[in-house]
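# Coordinate analysis (summary)
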Amino acid sequence: MGFRVIKTAIATLMAILVADALGVTGPLSAGLLAVLGVDVTRKRSIKTISARFFASLLGLVFACVLFEMLGFHYWVLAIYILVAFPAIARANFKEGIVTSSVVVFRVYGNGSITLQSLWTQIELLVIGLGSALIVNLAYMPRASDQMVEIRKRVDKQFSIIFSKIAESLRNPDDIWDGKEIIEAGKEIRKGKEAAHRAMENQMLHPDETWSIYFYMRKEQLESIQNMMQLVSHVYRKLPQADDVAELFDQLSRDVTEEIYTGRTEFLLSRLEEEFKRMELPATREEFEIRSAILQLNRELSLYLKLAKKNKAPTSVAARKAAIASK
């Protein structure tokens, strides 16, 4: 049973009991309006409930005019739909079309328009939608635990990906289906959606930390896809490929850390200096492969810059100490 179902049940019961206690005619209609008012986030709840309330008021205006001019006939309801629905949509109250229809059909069911009947509909709106709003604002489940779990799954997939890249560099004949790329993409999308819902539930000072994190992972996943294309060009085993494979081994461990350790960045910087001192390629084939390896290093550097920008870095001293301990 979802939490939204529980909130809907509470809001419905509250609306019916309040309407009945106040002696409002048709308390069950207040419960129906409460069902329509429950939403998934606080901000969205305020927006949609406001739209439903004002759409219902606008619908009542159209209904009063049409029923008074043309009478209470079934075909008048069709005219109401043709006229009122586009007007409500143009007024940016599209979410309230169904709610307004419930109210107008109740007025039609009464067979007459009086100030008392109109006031009753407004009371039902206030009680039903108000109950839904109170329940929505009162409590929303925390999404932080869910996002932590998603983050762990994303980090795990990234760790496997980097290990696979290292294996491919050491053994160009190694075959990898790349399913972790697809799984990581799915988890990142889930994380972005969960982060967006969490921000929608924070009324005053929304925390963008999780949104930034999953956006960073999305950019890094695109960088990883570029790396895989470059790895495919390393079709022969070279010592330089083994050296870069060690970077990806280190990165497969670092990626699961919550902070930016800088270990891989340090190793990459040291390796780039070593590459500058190496002799030039002797053959065209070696030139092409080493060129792909060099581009791979640059793509890895871009990946690390994204991580460094959005993770809390450790101190340089702690970073060097961590490297020395390896």
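The preceding data block contains the structure.
Below you will find a few notes about this structure.

Each value, and the rule that gives it
Residues numbered from 1 in each chain as written. Predicted model: local features only at pLDDT ≥ 70, side-chain atom pairs only at ≥ 80, totals over all residues. Heavy atoms only, no water. Helix = DSSP H or I, 4+ residues; strand = E, 2+ residues; numbered from the N terminus. Rg over C-alpha atoms; globule rule 2.2 N^0.38 Å. Buried < 20%, exposed > 50% of the residue type's maximum accessible area, 1.4 Å probe, protein only. Expected span 1.5 Å × (residues − 1). Arc of directions from axis to C-beta. Contact = heavy atoms within 4.5 Å. Polar contact = N/O pair within 3.5 Å; in protein donor to acceptor, adjacent residues only side chain to side chain. Core = buried A, V, L, I, M, F, W, Y, C linked by side-chain atoms within 4.5 Å. Salt bridge = Lys/Arg side-chain N within 4 Å of Asp/Glu carboxyl O.

For the chain, the helix and strand inventory stands at 13 helices and 0 strands. Helices (α) and strands (β) of the chain occur, in sequence order from the N terminus, as α-α-α-α-α-α-α-α-α-α-α-α-α. Relative to the 2.2 N^0.38 estimate, which gives 20 Å for 326 residues, the radius of gyration of the chain is 31 Å and therefore markedly larger than a compact globule would have. Its C-alpha atoms give the chain principal-axis dimensions of roughly 95 × 40 × 30 Å. Relative to its 326 residues, the chain shows a buried fraction of 44%.

In a regular helix each residue adds 1.5 Å, so 19 residues correspond to 27 Å; helix α1 (residues 3-21) covers 27 Å between its end C-alpha atoms and thus fits that length. Taken as a whole, α1 has its buried residues at Lys-7, Thr-8, Ala-11, Thr-12, Ala-15 and Ala-19. Taken around the axis of α1, the buried residues stretch over an arc of 135°, which confines them to a single face. For α1, exposure combined with an orientation more than 90 degrees from the buried face picks out Leu-13, Leu-17, Asp-20 and Ala-21. Buried residues along α1 sit against α2 (27-37) and α6 (115-138).

A few words now on the side chain of Thr-120. Position of Thr-120 relative to the elements: it lies in helix α6. For Thr-120, a relative accessible area of 8% puts it in the buried group. Reaching out from Thr-120, the side chain makes a polar contact with the backbone oxygen of Gln-116 at a distance of 2.9 Å. Apart from residues lying up to four places away in sequence, Thr-120 is in contact with Val-24 and Thr-25.

Looking now at the nonpolar core. Where a protein is soluble and globular, its nonpolar side chains tend to be buried together. Counting residues in hydrophobic clusters, the biggest one holds 48 residues, and the most contacted among them are Phe-158, Phe-162, Leu-169, Phe-248 and Tyr-303. Where this core is concerned, the elements lending two or more residues are α7 (144-170), α8 (179-200), α9 (209-231), α10 (239-254), α11 (263-277) and α12 (284-310). Residues within four places of Tyr-303 in sequence aside, it is in contact with Phe-158, Phe-162, Arg-217, Gln-220, Ser-223, Ile-224, Met-227, Leu-251 and Val-255. In terms of nonpolar packing, the next biggest core, distinct from the first, is built from 34 residues, Ala-11, Val-24, Val-102 and Val-135 among them.

Next up on the list: the pattern of salt bridges. Applying the stated criterion across every chain, the model contains 12 salt bridges. Across the salt bridge formed by Arg-151 and Asp-155, the nearest N and O atoms sit 3.8 Å from each other. On the criterion of helical spacing, the pair formed by Arg-151 and Asp-155 is a turn pair, its members being 4 residues apart in helix α7. The buried category is assigned to Arg-151, whose relative accessible area is 16%. When its relative accessible area of 5% is taken as the criterion, Asp-155 is described as buried. Ionic pairing is found between Glu-187 and Arg-153, a salt bridge with its closest N-O pair at 3.0 Å. Taken as a pair, Glu-187 in helix α8 and Arg-153 in helix α7 lie far apart in primary sequence, 34 residues in all. Look at the salt bridges and you will find they share partners, linking Arg-151, Asp-155 and Arg-217 into a network.

These values are about where atoms sit, not about what they do.
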